[in-house]
Amino acid sequence: MKELPDPAFTRRFLILGAAAWILIRAALFFAADAVKDALGPPMLTLAYPASLAVASICGGLVVLNVFRLKERLLLANFGVPLGIVGAIGAIPALIAETLIGMSSMLAD
């Protein structure tokens, strides 16, 4: 039976996904800032495939954290597959990337 995890687990996965998104976006911004002479100033918005890649990386990092904390068996006993955990971890990144993209479209 495939279910969502307990709300306490879900909340933790959402927070981990949001923290991963913040760290990834900060790293991308500082990396772009380091090469600004060659590429121009860093931009806040990313292309659509890059936004999906950032969200996928966030979900993957949450799944890796589940493996690191050895919670995979616990979640499997609760009937929660790792795909659901990765999707929950990617939700904050998807929401944030969508809001950034929409705000940049409205600003133009």
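Residues numbered from 1 in each chain as written. Predicted model: local features only at pLDDT ≥ 70, side-chain atom pairs only at ≥ 80, totals over all residues. Heavy atoms only, no water.

**Considering helix α1 (residues 7-34)**
Argument step 1. Counted at 1.5 Å a residue, the expected span for α1 with its 28 residues is 40 Å, and the 40 Å between its end C-alpha atoms agrees.
Argument step 2. Taken as a whole, α1 has its buried residues at Phe 9, Thr 10, Phe 13, Gly 17, Ala 20, Trp 21, Ile 24 and Arg 25.
Argument step 3. In this fold, the buried residues of α1 make contact with α3 (48-68), α4 (72-77) and α5 (82-107). (Helix = DSSP H or I, 4+ residues; strand = E, 2+ residues; numbered from the N terminus. Expected span 1.5 Å × (residues − 1). Buried < 20%, exposed > 50% of the residue type's maximum accessible area, 1.4 Å probe, protein only. Contact = heavy atoms within 4.5 Å.)

**Topic: the packing of α1 against α5**
Argument step 1. Two elements in contact, α1 and α5, have axes separated by 8 Å at closest approach and are oriented at 50°. On the basis of the axis angle, α1 is oblique to α5. Here the hand of the crossing between α1 and α5 comes out right-handed. For the pair α1 and α5, the contacting residues are Thr 10, Phe 13, Leu 14, Gly 17, Ala 18, Trp 21 and Arg 25 in the first and Val 85, Ile 88, Gly 89, Ile 91, Pro 92, Ala 93, Ala 96, Glu 97 and Ile 100 in the second.
Argument step 2. When grouped by side-chain class, the residues that make up the contact of α1 with α5 number eleven nonpolar, three polar and two charged. (Axes fitted to C-alpha atoms, helices over the stretch in contact; angles between N-to-C directions. Parallel < 35°, antiparallel > 145°, perpendicular 65-115°, else oblique. Left-handed = near helix turned anticlockwise from the far one by under 90°. Nonpolar A, V, L, I, M, F, W, Y, C, P; charged D, E, K, R; others polar.)

**What to know about the packing of aromatic side chains**
Argument step 1. This structure, assessed with the given rule, holds three aromatic pairs.
Argument step 2. Ring centres 6.2 Å apart and planes at 20° place the aromatic pair Phe 9 and Phe 13 in the stacked group. Taken together, the residues Phe 9 and Phe 13, both in helix α1 and four residues apart, mark about one turn of the helix. Phe 13 carries the same exposure label as Phe 9, and that label is buried.
Argument step 3. On the numbers, 6.0 Å between centres and 70° between planes, the contact of Phe 29 with Phe 30 is edge-to-face.
Argument step 4. A relative accessible area of 40% means that Phe 29 is categorised as partly exposed.
Argument step 5. Taken together, Phe 9, Phe 13 and Phe 78 form an aromatic cluster joined through their ring pairs. (Phe/Tyr/Trp six-rings, centres within 6.5 Å; stacked < 30°, edge-to-face > 60°.)

**Some words on the pattern of salt bridges**
Argument step 1. Throughout the structure, instances matching the rule amount to two salt bridges.
Argument step 2. A salt bridge links Glu 71 to Arg 12; the nearest nitrogen and oxygen atoms lie 2.6 Å apart. In this pair, Glu 71 is assigned in the loop between α3 and α4 and Arg 12 in helix α1, connecting sequence segments 59 residues apart.
Argument step 3. Accessibility expressed as a relative area gives 13% for Glu 71, which makes it buried.
Argument step 4. The exposure class of Arg 12 is partly exposed, given its relative accessible area of 27%.
Argument step 5. In this structure, Glu 97 and Arg 25 form a salt bridge, with 2.7 Å as the shortest nitrogen-oxygen distance. Taken together, the positions of Glu 97 in helix α5 and Arg 25 in helix α1 put the pair 72 residues apart, joining distant regions of the chain. (Salt bridge = Lys/Arg side-chain N within 4 Å of Asp/Glu carboxyl O.)

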